[in-house]
Amino acid sequence: MDSFIYDCIKWVFSLMTKVFFREIKVRFIDPGLVIISNPRRFSPLMAQSSFKRKIVGTIARLLKAIPVTRSQDLAFKGSGQLVFDKNYRFVLNGKHTQFTQQVFPRDTIVLSKTNSFQVSQVISDTELRLTEKLTDETVYRINNSDAYKIIPHVNQSRLYEKVHERLNSGACLVIFPEGGSHDRSEMLPLKAGFAIMALGAMAENKDLDINIVPIGLNYFHPHRFRSRAVVSYGTSISVKSEWIKAYQLGGHSRREAIASLLEAGYEGLKRVTVNAPSYDVLMTIATARRLYKSTAEHKLTIDQVVDLNRRFLSSYKHFEKDARLVDITNRIKSYNNTLKYFGLRDYQVAKTEIAPYSAAPVLFSRLLKLFFLAIFGFPSLLINSPLIILILMISRKKQEEALAGSVIKIAARDVLATWKVLVAVVGMPTLYGLYSLALFSYLRYYNHQHSLLISLGIWILLPLIQYMSVFLLENSIDIYRSLKPLYMSLSNPDGTAQLRQMRDSLSETIAQFMDQERIQAQKWFNNKHIFN
């Protein structure tokens, strides 16, 4: 029975990804992508707060997910006002505070999304001792803000017991080691939980052999409908016997063992994810990858795009201060700014290389196609307009709530994407059910002989019609995006010619840089081989 339920959930997730993702190679969405791409059955570790939600909670219980109490979910506003005493950097005072009632050792005080500190000892209602010295930025925050949050420390011993039971029974678990979803361009520091679970379980059971497989989830514009995603599986990480022995010794040795496994996990995840220090760097790397001449020879699959982005980022970090790379980076930024000025995207530049007399008929024919597609697509848009409005309202509300309650999210695009899917999953059959009910009432009122059969048929056909409309919409968007370069070819041929020249020159420079470094690397390898 459990196997049947799991297979049903896997089928539903697979169907959802075909509807909501334009392409997938293989938060709520994350475990779904792992389910459809992983041949093994598994149980995910999910936030306790997710179990309270009707849809997600039901799916979590069917998957036999293990609930995790996250400290950030228990955060609350502290009473009174924090006061800094310049003579005591390890001590924090308060005015009208209730530290003895609200704060405990190992709790965290949060001042902003990037500023927090841990409590070592609660001395009184108005005095705390801290584990670390207060920084100048923290002091500034304390002096210029009245609000602060308290994040309680959570004892996870019960969680570890449940995990050990599952592992001893041969179960496969999926853990998101960053501790929560986010929309940053770089991985967050990993939580120690997964390392403690693995080492603890193997320390208790010497016959247990645990392998950790890094899984990278790479999204292309996850906040957009019909975006793309890549699920990458890395090399399995074996838990070394010396780490287990060190863990069993406790104290400093235990901490070192946990740190070693954390480092191995972090390095494993880096190999299957794209990590950039900022979105600005990520955009620069993405442009460089598109301009690299060897990639123009054939269209890359999305998993090849992700892999090439990783390689470019690795090279960028290595040559970050190289004068040649600095020059290329500045030229790429200038090129991107020029694209914004013209209102074009990089892939559209090549499409401007068409004579004005040839561009005019093509532009006219595509406008005609777009007009007919709009006629066929408008009824679908009208039918789904209540659902579209509901999706926008709820997803944006949840996005605002996530931003207000998180210290790590930038724009909460992960939340936006998740709630668009959740609302659509529930709202779509409900809306079509209401339409079918209205049709049934109408036919029943006029005593139609097959009112129930027709209504059920419409309820089944509407999703299929909608699915076909999605592809019509995609074709319409593709045609619409192709209009801009055609119009530019007609209205500003000199400007587009300069833009193409700028692109070709930059592409050639990037290719030369990559070729030079490839030759240098080959020489270094040959010399090392001769020396050895």
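Residues numbered from 1 in each chain as written. Predicted model: local features only at pLDDT ≥ 70, side-chain atom pairs only at ≥ 80, totals over all residues. Heavy atoms only, no water.

(A) Expanded view of the UniProt feature "transmembrane region" (unreviewed entry) in the protein chain. In the numbering adopted here, UniProt assigns the feature "transmembrane region" (unreviewed entry) to residues 370-394, 415-440 and 452-473. Structurally, residues 370-394 is divided into 100% helix and 0% strand, and its ends, taken at the C-alpha atoms, are 31 Å apart. For residues 415-440, the helix share is 100%, the strand share is 0%, and the end-to-end C-alpha distance is 37 Å. (UniProt positions renumbered as here; feature names shortened; annotations may be inferred. Helix = DSSP H or I, 4+ residues; strand = E, 2+ residues; numbered from the N terminus.)

(B) Molecular detail of the pattern of salt bridges. The tally for this structure, following the rule as stated, stands at 4 salt bridges. Across the salt bridge formed by Lys270 and Glu267, the nearest N and O atoms sit 3.8 Å from each other. Of this pair, Lys270 and Glu267 both sit in helix H9 (residues 251-270), 3 residues apart, which is roughly one turn of the helix. Given the relative accessible area of 27%, Glu267 is considered partly exposed. We note a salt bridge from Asp346 to Arg503, for which the minimum N-O separation is 2.8 Å. Of the two residues, Asp346 sits in helix H13 (residues 346-349) while Arg503 sits in helix H17 (residues 493-531), which places them 157 residues apart along the sequence. Taken individually, Asp346 and Arg503 each receive the classification buried, so the pair is uniform in this respect. Bridged by salt links that share partners, the residues Arg290, Asp346 and Arg503 form one connected network. (Salt bridge = Lys/Arg side-chain N within 4 Å of Asp/Glu carboxyl O. Buried < 20%, exposed > 50% of the residue type's maximum accessible area, 1.4 Å probe, protein only.)

(C) Inspection of the nonpolar core at higher detail. Counting residues in each nonpolar core, the largest one holds 33 residues, and the members touching the most others are Leu45, Val163, Leu199, Ile210, Ile212, Val239 and Leu261. Here this core gets 8 residues from one element, more than from any other, and that element is helix H7 (residues 193-204). Contacts of Ile212, omitting those with residues within four sequence positions, involve Phe194, Ala198, Thr235, Ser236, Ile237, Val239 and Leu261. (Core = buried A, V, L, I, M, F, W, Y, C linked by side-chain atoms within 4.5 Å. Contact = heavy atoms within 4.5 Å.)

(D) Spatial organisation of the packing of helix H10 (residues 279-291) against helix H12 (residues 323-342). The interhelical angle for the contact between H10 and H12, taken along N-to-C directions, is 90°, at an axis separation of 10 Å. One element, H10, and the other, H12, form an angle in the roughly perpendicular class. On H12, the residues touching Asp280, Met283, Thr284, Thr287, Ala288 and Leu291 of H10 are Thr329, Ile332, Lys333, Tyr335 and Asn336. For the contact of H10 with H12, the per-class residue count stands at 5 nonpolar, 4 polar and 2 charged. (Axes fitted to C-alpha atoms, helices over the stretch in contact; angles between N-to-C directions. Parallel < 35°, antiparallel > 145°, perpendicular 65-115°, else oblique. Nonpolar A, V, L, I, M, F, W, Y, C, P; charged D, E, K, R; others polar.)

(E) Looking closely at the sheet that holds strand S2 (residues 43-47). Taking strand neighbours across the sheet as the criterion, the 3 strands line up as S3-S2-S11 in an open arrangement whose pairing is parallel. Edge positions in the sheet fall to strand S3 (66-68) and strand S11 (173-174), since each of these pairs with one other strand and no more. Examined bridge by bridge, S2 and S11 share 2 bridges and lie parallel to one another. Each residue of the ladder has a partner; that of Ser43, found in S11, is Leu173. (Pairing = 2+ DSSP bridges.)

(F) The arrangement of the packing of aromatic side chains in detail. Across all of its chains, the model carries 4 aromatic pairs by this definition. Ring centres of Tyr341 and Phe342 lie 5.4 Å apart, and the angle between their planes is 80°; this geometry places the pair in the edge-to-face category. Of the residues examined, Tyr341 reaches a relative accessible area of 70% and is grouped as exposed. With a relative accessible area of 15%, Phe342 lands in the buried category. Through pairs of rings, three or more aromatic residues link up here, namely Tyr442, Tyr445 and Tyr446. (Phe/Tyr/Trp six-rings, centres within 6.5 Å; stacked < 30°, edge-to-face > 60°.)

(G) Summary view of the packing of helix H6 (residues 157-168) against H7. Remark: H6 packs on H7, axes separated minimally by 10 Å, with the N-to-C direction vectors making an angle of 60°. Compared by their axis directions, H6 and H7 come out oblique. Between H6 and H7 the crossing geometry is right-handed. Note on element contacts: H7 touches H6 through Gly193, Ile196, Met197, Gly200, Ala201 and Glu204, opposite Leu159, Tyr160, Val163, His164 and Leu167. (Left-handed = near helix turned anticlockwise from the far one by under 90°.)

(H) Spotlight on H6. Helix length check: H6, at 12 residues, gives a terminal C-alpha distance of 16 Å against a target of 16 Å (1.5 Å per residue), a fit within 8%. Where H6 is concerned, the buried positions are Leu159, Tyr160, Val163, His164 and Leu167. The arc enclosing the buried residues of H6, seen along the axis, measures out at 135°, which places them on a common side. If you follow the buried residues of H6, they end up packed against S2, S3, S11 and H7. Of the residues one or two after H6, Gly170 is the one with positive phi, at around 85°. (Expected span 1.5 Å × (residues − 1). Arc of directions from axis to C-beta.)

(I) Focus on the side chain of Ser395. Mapped onto the elements, Ser395 comes out in helix H14 (residues 356-405). Overall, Ser395 belongs to the buried group, its relative accessible area being 0%. There is a polar contact of 3.4 Å between the side chain of Ser395 and the backbone oxygen of Leu392. The residues touching Ser395, leaving out its near neighbours within four places in the chain, are Leu416, Trp419 and Lys420. (Polar contact = N/O pair within 3.5 Å; in protein donor to acceptor, adjacent residues only side chain to side chain.)

(J) Just the environment of Glu263, in detail. For Glu263, the position within the fold is in helix H9. Taking the relative accessible area as the measure of exposure, Glu263 reaches 46% and is therefore partly exposed. Between the alpha carbons of Glu263 and Leu190 there is a distance of 8.9 Å; along the sequence they are 73 residues apart.

(K) Summary view of the sheet that holds strand S9 (residues 127-130). With antiparallel pairing, 7 strands are arranged side by side in an open sheet as S4-S10-S7-S8-S9-S6-S5. Looking along the sheet, the strands with just one partner apiece sit at the ends: strand S4 (76-77) and strand S5 (81-83). The pairing of strand S6 (residues 91-95) with S9 spans 3 bridges and is antiparallel. Bridging from a neighbouring strand, Leu92 pairs with Leu128 of S9.

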